[in-house]
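Observations on the model geometry
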Amino acid sequence: MDIAGKVFVVTGGGNGIARELVLQLLAKGATVAAVDLNADGLKETAKLAGKGAKLSTHTLNITDRAKVMALPKAVITKHGQVDALVNVAGIIQPFVRVNDLEFDAIERVINVNLYGTINTVKAFLPELLKRPEGYIANVSSMGGYAPVPGQTIYGATKAAVKLLTEGLHSELMDTNVHVTAIYPGAIETNIAQNSGMAMPADMDVHEGNKFKMTSVNVAASTIIGAIEKNSYKVFIGSDAKTMDKLTRLMPEKAAALIYKQMKALLG
Ligand SMILES: NC(=O)c1ccc[n+]([C@@H]2O[C@H](COP(=O)([O-])OP(=O)(O)OC[C@H]3O[C@@H](n4cnc5c(N)ncnc54)[C@H](O)[C@@H]3O)[C@@H](O)[C@H]2O)c1
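A brief report on the enclosed structure follows. Remember, it's a predicted structure, so these values are computed and weren't measured experimentally. (Residues numbered from 1 in each chain as written. Predicted model: local features only at pLDDT ≥ 70, side-chain atom pairs only at ≥ 80, totals over all residues. Heavy atoms only, no water.)

**Concerning the environment of Ile187**
Residue placement: Ile187 occurs in the loop between strand 6 (177-184) and helix 6 (191-194). Remark: the alpha-carbon pair of Ile187 and Val218, spanning 31 residues in sequence, is separated by 9.2 Å. (Helix = DSSP H or I, 4+ residues; strand = E, 2+ residues; numbered from the N terminus.)

Below, the structure is given as structure tokens:
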């Protein structure tokens, strides 16, 4: 899809990968409706975009189905049309084994990552089907195909987003709507803090990380490149690409390797 002149809805636009994506889409000539539950984060994104940017901000929780269903009307009233939906908003879970994870934490991560994505797809797909060309891009994760102990429910939600996206791609094959699944590896953001994880310093995924992380800048430009090419899927970072190969060719060895890396964090 050519980005210039299109209207994009980007969830999670108040921080991290999605904020950078919003800024890069604007720079490419798109109009953007940025969605986030964090009003201050959206304010900062608008500030970075600068005065006169073709940007609207929408403060809402993507788990609030009624509010999400009302969003297309708000975006179309503001911008006249909507061409693309990029689902980036997401959270991780507390870094503990399933055995130690409370049901409310389990439900929270499933609601945001899976139902949040389903809600926006259900809200916007009817509108995207009306356009000459429409787009849905959903952010899954390397954790959606590689088992990360301590992030098992998170991984299950991201595996669900993977199949949701692949299923949508198949269902929409004979339509004007393109669908891309996005698989980031480790990206330099504050996702742990933003997900409300009170982690001791030695458990911080960034502080203690042994992997090289990809910048939000590269993450956003990789997503844009995939959208411009109508790609079926895209990996962000060499870790995501390597793990994809490893989990397909030697799944058990891959699981053991990841466990070895994560064991210290789990205690
Ligand atoms: N950072 C990584 O290493 C990494 C790796 C793989 C996948 N991902 C995925 O990439 C996406 C973006 O992650 P990030 O690292 O940029 O995180 P981030 O925390 O920097 O940004 C996520 C944004 O989503 C918003 N958000 C969270 N829950 C929401 C809700 N219920 N409704 C509306 N907005 C909500 C947050 O307020 C935040 O602004 C997530 O889906 C994450 O799972 C991240």
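There is more to say after this.
**So, the packing of aromatic side chains**
Geometrically, a pair of aromatic rings is defined through the distance of the ring centres and the angle of the planes. Applying the stated criterion across every chain yields a total of three aromatic pairs. Residues Tyr145 and Phe235 carry aromatic rings whose centres are separated by 6.0 Å and whose planes lie at 90° to one another, so their mutual orientation is edge-to-face. In this pair, Tyr145 sits in the loop between strand 5 (134-139) and helix 5 (152-171) while Phe235 sits in strand 7 (residues 233-236), placing the two residues 90 residues apart along the sequence. Ring pairs connect the aromatic residues Tyr145, Tyr183 and Phe235, which therefore count as one cluster. (Phe/Tyr/Trp six-rings, centres within 6.5 Å; stacked < 30°, edge-to-face > 60°.)

**A look at the pattern of salt bridges**
Inspection of the entire model under this criterion finds six salt bridges. A salt bridge links Arg248 to Asp244; the nearest nitrogen and oxygen atoms lie 2.9 Å apart. Here the residue Arg248 and the residue Asp244 both occupy positions in helix 8 (residues 238-249), the gap between them amounting to four residues, near one helical turn. (Salt bridge = Lys/Arg side-chain N within 4 Å of Asp/Glu carboxyl O.)

**Considerations on the pairing of strand 1 (residues 7-11)**
Of all five residues that make up strand 1, five are buried, and the element is covered over most of its length. Covered by surrounding structure in strand 1 are Val7, Val9 and Thr11 together with Phe8 and Val10, the residues of both alternating faces. Where strand 1 lies against strand 2 (residues 31-36), five bridges are found, and the strand directions are parallel. From the neighbouring strand, Phe8 faces strand 2, where its bridge partner is Val32. Looking at chain direction, strand 1 and strand 4 (residues 84-87) are connected through four bridges and run parallel. Bridged to Phe8 within strand 4 is Ala84. (Buried < 20%, exposed > 50% of the residue type's maximum accessible area, 1.4 Å probe, protein only. Pairing = 2+ DSSP bridges.)

**Here's the deal with a negative patch on the surface**
On the surface, Asp100, Glu102, Asp104 and Glu107 cluster together to form a negatively charged patch. Summarising the element assignment, Glu102 is placed in the loop between strand 4 and helix 4 (103-128). Take Glu102: its relative accessible area is 56%, and that puts it in the exposed class. (Patch = residues over 30% accessible without salt bridge, like charges linked within 9 Å, V, L, I, M, F, W, Y side chains within 5 Å. Areas by Shrake-Rupley, 256 points an atom, 1.4 Å probe, with all protein chains shown as cover. Lys, Arg positive; Asp, Glu negative; His and termini not counted. Charge placed at Lys NZ, Arg CZ, Asp CG, Glu CD.)

**Examining the environment of Ala192**
The topology assignment puts Ala192 in helix 6. As a C-alpha pair, Ala192 and Ile91 span 101 residues in sequence and 7.7 Å in three-dimensional space.

**Considerations on the side chain of Thr31**
Mapped onto the secondary structure, Thr31 falls in strand 2. In this structure, Thr31 is in contact with Lys6, Val7, Phe8, Lys54 and His79, ignoring residues within four places of it in sequence. (Contact = heavy atoms within 4.5 Å.)

**Overview of the pairing of strand 5**
Burial within strand 5 is extensive, with six of its six residues counted as buried. The alternating pattern of strand 5 places Gly134, Ile136 and Asn138 on one face and Tyr135, Ala137 and Val139 on the opposite face, and all of these are buried. As paired elements, strand 4 and strand 5 share four bridges and run parallel to each other. If you follow Leu85 over to strand 5, its bridge partner there is Ile136. Taking the sense of rotation as the criterion, the β-α-β connection linking strand 4, helix 4 and strand 5 turns out right-handed. (Right-handed = clockwise from strand over helix to strand, strands pointing away.)

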